[in-house]
Amino acid sequence: QVQLVESGGGLVQAGGSLRLSCVASGSIVREYIMGWYRQAPGKQREVVAEVTSDGYTNYANSVKGRSTISRDNAKNTVILQMNSLKPADPAVYFCSAAPPGLDNHWGQGTQVTVFS
């Protein structure tokens, strides 16, 4: 069973940056689609960014140009670098791991809070 552990969340001033990290264990995830999702209070979970094993990336329009997703397969780690954080960004951020054609695995989430 794949286990995902997120870290790096915290309290950040608007305009600041955060680096979120997700470490996977219990399975080889080299071929998985890795991603970051977020869920704000009272809202549905939404995709922030995804990266495939081939290096293709996909970003939500709200974070394009100021966020970068990357992966280190040797360390089973996926990183989300977020810059220029905005008031709309606060949420619990979840790491995901999806075997192609199969359901996502989820981490426990890490809280991101943005203040102005």
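Here the structure is a predicted model, which means the values were calculated and not measured. (Residues numbered from 1 in each chain as written. Predicted model: local features only at pLDDT ≥ 70, side-chain atom pairs only at ≥ 80, totals over all residues. Heavy atoms only, no water.)

Caption draft 1: Fine view of the overall build of the protein. Across its full length, the protein holds 0 helices and 11 strands. The linear arrangement of helices and strands in the protein, starting from the amino end, is β-β-β-β-β-β-β-β-β-β-β. Relative to the compact-globule value of 13 Å for 116 residues, the protein shows a C-alpha radius of gyration of 13 Å, a close match. Across its three principal axes, the protein shows a C-alpha extent of roughly 40 × 25 × 25 Å. Across the 116 residues in the protein, those meeting the buried criterion constitute 43%. A total accessible area of about 6200 Å² is found for the protein, and carbon and sulfur atoms account for 49% of it. Once the 10 positive and 8 negative side-chain charges of the protein are each reduced to a mean point, those two points are 7 Å apart. (Helix = DSSP H or I, 4+ residues; strand = E, 2+ residues; numbered from the N terminus. Rg over C-alpha atoms; globule rule 2.2 N^0.38 Å. Buried < 20%, exposed > 50% of the residue type's maximum accessible area, 1.4 Å probe, protein only. Areas by Shrake-Rupley, 256 points an atom, 1.4 Å probe, with all protein chains shown as cover. Lys, Arg positive; Asp, Glu negative; His and termini not counted. Charge placed at Lys NZ, Arg CZ, Asp CG, Glu CD.)

Caption draft 2: Representation of empty space enclosed by the protein within the structure. Taken as a whole and assessed by the stated rule, the structure comprises 1 cavity of 30 Å³ or more. Of the volumes computed, that of the largest cavity is approximately 40 Å³. Around the largest cavity, the lining residues are Val-29, Met-34, Arg-71, Asp-72, Asn-73, Asn-76, Thr-77 and Val-78. Elements supplying a minimum of two residues to the lining of the largest cavity: β7 (67-72) and β8 (77-82). (1 Å grid on protein atoms, 1.4 Å probe; cavity = no way out; pocket = protein on both sides within 12 Å on 5 of 7 lines; lining within 4 Å. Points joined across faces, edges and corners; volume = space filled by probe spheres on them.)

Caption draft 3: Spotlight on the state of the cysteines. A complete count under the given rule lists 1 disulfide for this structure. Here Cys-22 engages in a disulfide with Cys-95; their sulfurs sit 2.0 Å apart. For the disulfide bridge between Cys-22 and Cys-95, the dihedral angle about the S-S bond is near -80 degrees, and by the sign convention the bridge is left-handed. With Cys-22 in strand β3 (residues 18-25) and Cys-95 in strand β9 (residues 91-98), the pair connects residues that are 73 residues apart, well separated along the chain. Accessibility expressed as a relative area gives 0% for Cys-22, which makes it buried. (Disulfide = S-S within 2.5 Å.)

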